[in-house]
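Listed here are the chains, written in short residue letters.
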Amino acid sequence: MYSVRPSPLAKILLLVVLIGIAFCADAQEAAERAEPARQERTPQEPTPQVTEEQLEALREELSAGRERLAPLIETIDPSAAEAWLAESPLESLIERAADPALEEAEEGVWQ
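Thresholds applied
Residues numbered from 1 in each chain as written. Predicted model: local features only at pLDDT ≥ 70, side-chain atom pairs only at ≥ 80, totals over all residues. Heavy atoms only, no water. Helix = DSSP H or I, 4+ residues; strand = E, 2+ residues; numbered from the N terminus. Buried < 20%, exposed > 50% of the residue type's maximum accessible area, 1.4 Å probe, protein only. Areas by Shrake-Rupley, 256 points an atom, 1.4 Å probe, with all protein chains shown as cover. Patch = residues over 30% accessible without salt bridge, like charges linked within 9 Å, V, L, I, M, F, W, Y side chains within 5 Å. Salt bridge = Lys/Arg side-chain N within 4 Å of Asp/Glu carboxyl O. pLDDT = per-residue confidence, 0-100.

Asker: Explain the overall build of the chain to me, please; I cannot follow it from the model alone.
Answerer: Scanning the chain for helices and strands turns up 5 helices and 0 strands. Going residue by residue from the N terminus, the α and β elements of the chain occur as α-α-α-α-α. When the 111 residues of the chain are sorted by exposure, 4% land in the buried category. Carbon and sulfur atoms provide 62% of the accessible area of the chain, an area that totals close to 10200 Å².

Okay, structure coming up:
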């Protein structure tokens, strides 16, 4: 009997579509849950007033935080992340699926 096996590319594309549908469903559910909360607010509610002193204190806190983080950020090497982003995820998945060195259990996931 003849059986049809979908190609790895077709499987990957199907996976991407299914994940996209799942995210859309989650977003729709979140929007529906947020709708009653949005309706409960009335536009006549006064907005809290922020004083210049409060704004200045927040600016100082922000500046101090930036000064504390600057040396930490400078030590980060983004080259690996940039290289990963530059590669096509689809190409790397196809290469991974075609790798003959895959273990049998892992190959089952890709096939």
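Don't stop here, the text continues.
Asker: Can you help me understand a nonpolar patch on the surface in this one?
Answerer: Where nonpolar side chains cluster on the molecular surface, the patch consists of Leu9, Leu13, Leu90 and Ile94 and spans about 300 Å² of accessible area. The set of elements that each furnish at least two residues to the nonpolar patch consists of α1 (8-40) and α4 (89-98). Take Leu13: its relative accessible area is 46%, and that puts it in the partly exposed class.

Asker: Can you walk me through the confidence of the model for the chain in this structure?
Answerer: Atom-level detail of predicted coordinates should not be read off regions where pLDDT is low. With 68% of its residues at a pLDDT of 70 or more, the chain shows a mean pLDDT of 75. When mean pLDDT is compared element by element in the chain, helix α2 (residues 52-74) scores highest at 92, while helix α5 (residues 104-110) scores lowest at 62.

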